[in-house]
Amino acid sequence: MSEQRQTDAPETDESTSEKLVELAKRRGYFFQSSGAYGGVGGFYTFGPQGAALKGNVEDAWRDRFAVAEGNMEIDAPTIMPEPVFEASGHLDGFDDMLVECPDCGESHRADHVVEDNTEYEDAESLPIPEVEEVIAEYELVCPSCGAGLAGQAVEDFNLMFATNIGPGDSDPGYLRPETAQGIFVEFPRLKEYARNQLPFGVTQIGRAYRNEISPRRSIIRTREFTQAELEYFIDPEEDEPNLEAVEGVEVTLYPANEQNRDDGEEIRTTIGEAVEEGIISSPWVAYFLGVATPWYESIGVDMDRFRYRQHLSGERAHYAADCWDAESEIDGNWIELTGFAYRSDYDLSKHAEHSDDRFTIFKQYDEPKTVERATVDPDMSYLGPEFGGDAQAVVSELEALAARDRSAFEGESVEIELAGERREIPVEKTGFAVEEQTESGEHIVPHVVEPSFGVDRLVYTVLHHAYREDEVDGEERTYLDLDPAVAPTFVGVFPLQNDSALEAVADEIVDDLRNAGLSVTYDDSGNIGRRYRRQDEVGTPFCVTVDYETIEEREAQRASESASGDSPRAEETTVTVRERDTTDQKRLPVDDLAETLSAIRAGDLEFEGL
């Protein structure tokens, strides 16, 4: 059963993605959903292999970013009421640029049309008028029919899916465009689970939805996808990350200033040096880049085709003070895998402003402090008749004004804004006063650091970076060099031929390996070489073959045990174990097989050293 293997370099030409998509469909990784009805753009089903790989990547993420970091995990609804997204800013600012073809009526993302046909790499960061100018200057055409797009209006298109909650006069709602808001809106309760102590982190793995204008490139850009997000809440004045733990991690960075230069280049450095030199301004963002880097490598991302790119000012999200994207190279293009953003106090402040709950943490002072506080105690016998139903809103405006600008009360009257109008109130009716108060602490709004991972893109990257072609026994072979820790199937078990004795031993081995927690497939269809090729193509790291030598060894062992009566181990029963990448084969004892393969999967043993 020996095989001769000729190794070639990993293929990275432009056809790799096409080959991978075909392989994914044929072998059950992913395929377009609802194919029986013609398919729906932007929606994909993960098949048996893909669902298992995706689950393994999610488990690996959970182990590193939830369990190892000591963070909690929640599972929030995917549909949320409209006020949540009014507060978060998604109703007004979660848009892509749309341009519609005047001939065929197809809609396209204007920035993608520009990027695909000009030297502009980050057209998303350009303002709409400039995008319209570029389309006209380069005489860009519709990707579908070739009609000219010059002169066509480029418009903002909100990406959220709208729905209704309840029957009749139902409340408007939206499918969440990110899992983060499910964490932010529950902060008042989550802080209690954290015993009101900062810092603490909350993770979530779940579905998100964006009504993409032009979904493309299979599972890289879809309308329904899975995110794995961590929202880490900190006191910006006191909490500092443990940079010592990651300062030596080597990273490839592409800062904004290098991107803006004609000859800008990526920078190879360490996390510690990047913080010291001010390349990464936020130590917290730097910390999570340092944590994430070895994790990407552990799941099979090719680190020679990986970098962190800083967002340019024009493309940074409305909530982000700074943001870096983890990017992987796919067929010569860079795709975003993860956004690492310092969201400051934007989210919690907005939800506090729009809701009736408190999105703060009480920060205890080391010693009580005596401070001056400006307060108001309005004369409601005056405000009631004067402002009617708006009297309470006036009180709120006066309280807010006193807190931020006590000098406004120095005259005979104070001016506030009510329903867009300026109104004056006699200071004597406000009950304004400045008092000394002894306080044991203060309520602060935590800042948020967010690593947000796109799981589907991670899965695609792992598959693409694992794609290999070589030659074995004079035949071309395609295989996936998947890391054993994430491979959907860890071991295939084969009887050499359709023989009841071989099949019985193979069945026993399958049971033993599954009881040991290993993912196993059984295959008795076709010749052994074809079975190896099938498992190579889906990325199964090891194959176990039960042959007639196995049967002879077992019969000899049983005969020896029967003759001696004290069950000595005369001869071990062995099977052939084949490694995917090298196609090397070894005879290993059946009794030790589960333990040996488990140790290899855990990284405690190497197949070459057996």
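Note that the structure is predicted; figures quoted are calculated from it, not measured. (Residues numbered from 1 in each chain as written. Predicted model: local features only at pLDDT ≥ 70, side-chain atom pairs only at ≥ 80, totals over all residues. Heavy atoms only, no water.)

Student: Hey, could you run me through the overall build of the protein in this one?
Tutor: If you tally the helices and strands in the protein, you get 19 helices and 29 strands. If one aligns the C-alpha atoms of the protein with their principal axes, the spans along those axes are about 110 × 70 × 60 Å. Per-residue burial for the protein yields a buried fraction of 48% across its 610 residues. Put simply, 67% of the contacts in the protein that link residues at least 6 apart link residues at least 24 apart. For the protein, the exposed surface amounts to about 29,000 Å²; the carbon and sulfur share of it is 41%. Across the protein, the centroid of the 52 positively charged side chains sits 4 Å from that of the 134 negatively charged ones. (Helix = DSSP H or I, 4+ residues; strand = E, 2+ residues; numbered from the N terminus. Buried < 20%, exposed > 50% of the residue type's maximum accessible area, 1.4 Å probe, protein only. Contact = heavy atoms within 4.5 Å. Areas by Shrake-Rupley, 256 points an atom, 1.4 Å probe, with all protein chains shown as cover. Lys, Arg positive; Asp, Glu negative; His and termini not counted. Charge placed at Lys NZ, Arg CZ, Asp CG, Glu CD.)

Student: How should I be thinking about the confidence of the model for the protein in this particular structure?
Tutor: Detailed reading of the predicted coordinates is not advisable wherever pLDDT is low. For the protein, mean pLDDT is 92; residues scoring 70 or higher make up 95% of the total. For residues 7-14, every residue scores under 50 in pLDDT, and the model assigns this stretch twelve contacts once sequence neighbours within four places are set aside. (pLDDT = per-residue confidence, 0-100.)

Student: Even after reading the chapter, I still don't get the side chain of Gln557, so can you show me in this structure?
Tutor: Summarising the element assignment, Gln557 is placed in helix H18 (residues 548-564). Gln557 gets classed as buried once you look at its relative accessible area, which sits at 11%. Looking at Gln557, its side chain comes within polar contact range of the side chain of Thr573, at 3.0 Å. (Polar contact = N/O pair within 3.5 Å; in protein donor to acceptor, adjacent residues only side chain to side chain.)

Student: In this structure, what is going on with the packing of aromatic side chains? I would like to understand it.
Tutor: Between two aromatic rings, the relevant description is the distance of the centres plus the angle of the planes. Tallied over the full model, the rule gives 28 aromatic pairs. For the pair Phe85 and Tyr174, a centre-to-centre distance of 5.9 Å together with 85 degrees between the ring planes defines the contact as edge-to-face. Pair noted here: Phe85 is in helix H3 (residues 82-88) and Tyr174 is in strand E10 (residues 171-175), with a separation of 89 residues, a long-range link. Tyr174 shares its class with Phe85; the two are buried. Considering the side-chain rings of Trp284 and Tyr287, the 6.4 Å spacing of their centres and the 80 degrees angle between planes classify their relative orientation as edge-to-face. Of this pair, Trp284 and Tyr287 both sit in helix H11 (residues 283-299), three residues apart, which is roughly one turn of the helix. Exposure remark for Tyr287: the relative accessible area of 10% places this residue in the buried category. (Phe/Tyr/Trp six-rings, centres within 6.5 Å; stacked < 30°, edge-to-face > 60°.)

Student: I tried to follow the layout of surface pockets on my own but got confused; where do I start?
Tutor: With a probe scaled to a water molecule rolled over the atoms, the places where space remains empty come into view. Looking at the second largest pocket, its volume works out to about 510 Å³. For the second largest pocket, the lining is made up of 25 residues, of which Asp481, Leu482, Asp483, Pro484 and Asp581 are closest to its centre. Where the lining of the second largest pocket is concerned, the elements lending two or more residues are helix H15 (455-466) and helix H19 (593-602). Here the lining of the second largest pocket is composed, by residue class, of eleven nonpolar, three polar and eleven charged. (1 Å grid on protein atoms, 1.4 Å probe; cavity = no way out; pocket = protein on both sides within 12 Å on 5 of 7 lines; lining within 4 Å. Points joined across faces, edges and corners; volume = space filled by probe spheres on them. Nonpolar A, V, L, I, M, F, W, Y, C, P; charged D, E, K, R; others polar.)

Student: Sorry, what's going on with the packing of helix H2 (residues 48-67) against H11 here?
Tutor: Geometrically, a packed helix pair is captured by the angle between its two axes and the distance between the axes. Here H2 crosses H11 at 150 degrees, and the two axes come no closer than 11 Å. Classified by the angle their axes make, H2 and H11 are roughly antiparallel. Judged by the twist between their axes, the crossing of H2 over H11 is right-handed. Every residue of H11 that contacts H2 at Val57, Ala60, Trp61, Arg64 and Phe65 is listed here: Val291, Ala292, Trp295 and Ile299. Its residues assigned to classes, the contact of H2 with H11 comprises eight nonpolar, no polar and one charged. (Axes fitted to C-alpha atoms, helices over the stretch in contact; angles between N-to-C directions. Parallel < 35°, antiparallel > 145°, perpendicular 65-115°, else oblique. Left-handed = near helix turned anticlockwise from the far one by under 90°.)

Student: I would appreciate a short explanation of the pairing of strand E19 (residues 413-418) in the present structure.
Tutor: The side chains of a regular strand alternate, residue by residue, between the two faces of the sheet. On E19, burial follows the alternation: Val414, Ile416 and Leu418 on one face are buried, whereas Ser413, Glu415 and Glu417 on the facing-out side are not. Pairing of E19 with strand E20 (residues 421-426) involves six bridges; the strand directions are antiparallel. Among the inter-strand pairings, Glu415 is bridged to a residue of E20, identified as Glu424. In textbook terms, the turn of a hairpin is the stretch between consecutive antiparallel strands, and for E19 and E20 this stretch comprises two residues, one of which, Ala419, has a positive phi near 55 degrees. (Pairing = 2+ DSSP bridges.)

Student: Please explain the sheet that holds strand E6 (residues 95-100) as it appears in this structure.
Tutor: In a beta sheet, neighbouring strands are held together by backbone hydrogen bonds and run either parallel or antiparallel to one another. Read from one edge to the other, the open sheet built from three strands follows the order E7-E6-E8, with strand pairing classed as antiparallel. Either end of the sheet is taken by a strand with one partner, and the two such strands are strand E7 (107-109) and strand E8 (154-158). Neighbouring strand axes in the sheet, compared pairwise and without regard to direction, differ in orientation by 45 degrees on average. In this structure, E6 lies alongside E8, joined through five bridges in antiparallel fashion. Paired with Met97 across the strands is Asp156, a residue of E8. Along the sheet, helix H5 (residues 110-117) makes contact with E6, E7 and E8, crossing E7 at roughly 65 degrees. The strands touched by helix H6 (residues 128-137) are E6 and E8; relative to E8, the strand with the most contacts, the crossing angle is about 130 degrees.

Student: What is the right way to read the nonpolar core from this model?
Tutor: Side chains of nonpolar character tend, in soluble globular proteins, to be buried together. Core analysis: the largest hydrophobic core is formed by 61 residues, its most contacted members being Tyr29, Trp295, Tyr296, Tyr308, Phe340, Phe453 and Leu463. For this core, the leading source of residues is H11, giving eleven residues. For Phe453, the contacting residues outside a window of four places in its chain are Trp61, Phe65, Thr226, Gln227, Ala228, Ala292, Trp295, Tyr296, Leu337, Thr338, Phe340 and Leu458. Listed in part, the 24 residues of the second largest apolar core include Val520, Val544, Ile551 and Ala594. (Core = buried A, V, L, I, M, F, W, Y, C linked by side-chain atoms within 4.5 Å.)

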